[in-house]
Amino acid sequence: MFCLLQMEIPLVDALTGFSHEFTHLDGHKFTVKVTGVTECDHVMRVSGKGMPRRRGSGFGDLYITFDVDFPDSLTDAQRKGIRKILGGRDSDEL
């Protein structure tokens, strides 16, 4: 049996990677690490971390859907910094 989880992550984590610790249904802790860029609505499968199987033969898979939390606004300095790092047109051209 599988399990679905929806997780909101900040934009900086979506761009740079992150790790998050979860507590499994049986009480043990496990960490999920993401090293690349995560797109909105990306689904990650974590084998063996879902719901218990009916016949008691372990656990199913956990599926995590990531929602990226974009900032509501940016300062001029933040905009310029992002453009400098990621490239794109100068803000004077907009």
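Residues numbered from 1 in each chain as written. Predicted model: local features only at pLDDT ≥ 70, side-chain atom pairs only at ≥ 80, totals over all residues. Heavy atoms only, no water.

(A) Broad picture of the pattern of salt bridges. According to the stated counting rule, one finds two salt bridges in the structure shown. For Arg 45, the salt bridge goes to Asp 61, with nearest N and O atoms at 2.7 Å. Here the residue Arg 45 occupies a position in strand β4 (residues 42-46), and Asp 61 occupies one in the loop between β4 and β5 (62-69), the gap between them amounting to 16 residues. For Arg 45, a relative accessible area of 53% gives the class exposed. What makes Asp 61 buried here is its relative accessible area of 13%. (Salt bridge = Lys/Arg side-chain N within 4 Å of Asp/Glu carboxyl O. Helix = DSSP H or I, 4+ residues; strand = E, 2+ residues; numbered from the N terminus. Buried < 20%, exposed > 50% of the residue type's maximum accessible area, 1.4 Å probe, protein only.)

(B) Focus on a nonpolar patch on the surface. Where nonpolar side chains cluster on the molecular surface, the patch consists of Leu 74, Ile 82, Ile 85 and Leu 86 and spans about 400 Å² of accessible area. Mapped onto the elements of the fold, Leu 86 is located in helix α2 (residues 76-86). (Patch = residues over 30% accessible without salt bridge, like charges linked within 9 Å, V, L, I, M, F, W, Y side chains within 5 Å. Areas by Shrake-Rupley, 256 points an atom, 1.4 Å probe, with all protein chains shown as cover.)

(C) Region of interest: the environment of Asp 41. In this fold, Asp 41 is placed in the loop between β3 (29-34) and β4. A C-alpha to C-alpha distance of 9.8 Å links Asp 41 and Glu 8, two positions 33 residues apart in sequence.

(D) Structural detail: the pairing of β5. Covered by surrounding structure in β5 are Leu 62, Ile 64, Phe 66 and Val 68 only, the residues Tyr 63, Thr 65, Asp 67 and Asp 69 on the alternate face being uncovered. For strand β1 (residues 3-10) and β5, the ladder comprises eight bridges, and the chain directions are parallel. By the bridge assignment for β5, Leu 5 is matched with Ile 64. Strand direction decides the pairing type here: β4 and β5, joined by five bridges, are antiparallel. For Arg 45, the partnering residue across the bridge sits in β5 and is Tyr 63. (Pairing = 2+ DSSP bridges.)

(E) The arrangement of the environment of Asp 72 in detail. Secondary-structure assignment places Asp 72 in the loop between β5 and α2. Judged by relative accessible area, which is 83%, Asp 72 ranks as exposed. For the pair Asp 72 and Gly 27, spaced 45 residues apart in sequence, the C-alpha separation works out to 36 Å.

(F) Structural context of the sheet that holds β4. Taken in spatial order, the three strands of this open sheet run β1-β5-β4, and their pairing is mixed. Each end of this open sheet is capped by a strand with a single partner; those strands are β1 and β4. Adjacent strand axes in the sheet meet at a mean angle of 30 degrees when their direction is disregarded. (Axes fitted to C-alpha atoms, helices over the stretch in contact; angles between N-to-C directions.)

(G) Structural detail: the packing of aromatic side chains. Counted under the stated rule, the structure contains two aromatic pairs. Between Phe 18 and Phe 66, the ring centres sit 5.6 Å apart and the planes meet at 75 degrees, which makes this aromatic pair edge-to-face. Here the residue Phe 18 occupies a position in strand β2 (residues 18-23), and Phe 66 occupies one in strand β5, the gap between them amounting to 48 residues. Phe 66 shares its class with Phe 18; the two are buried. Measuring from ring centre to ring centre gives 5.5 Å for Phe 22 and Phe 30, while their planes differ by 20 degrees; the resulting arrangement is stacked. (Phe/Tyr/Trp six-rings, centres within 6.5 Å; stacked < 30°, edge-to-face > 60°.)

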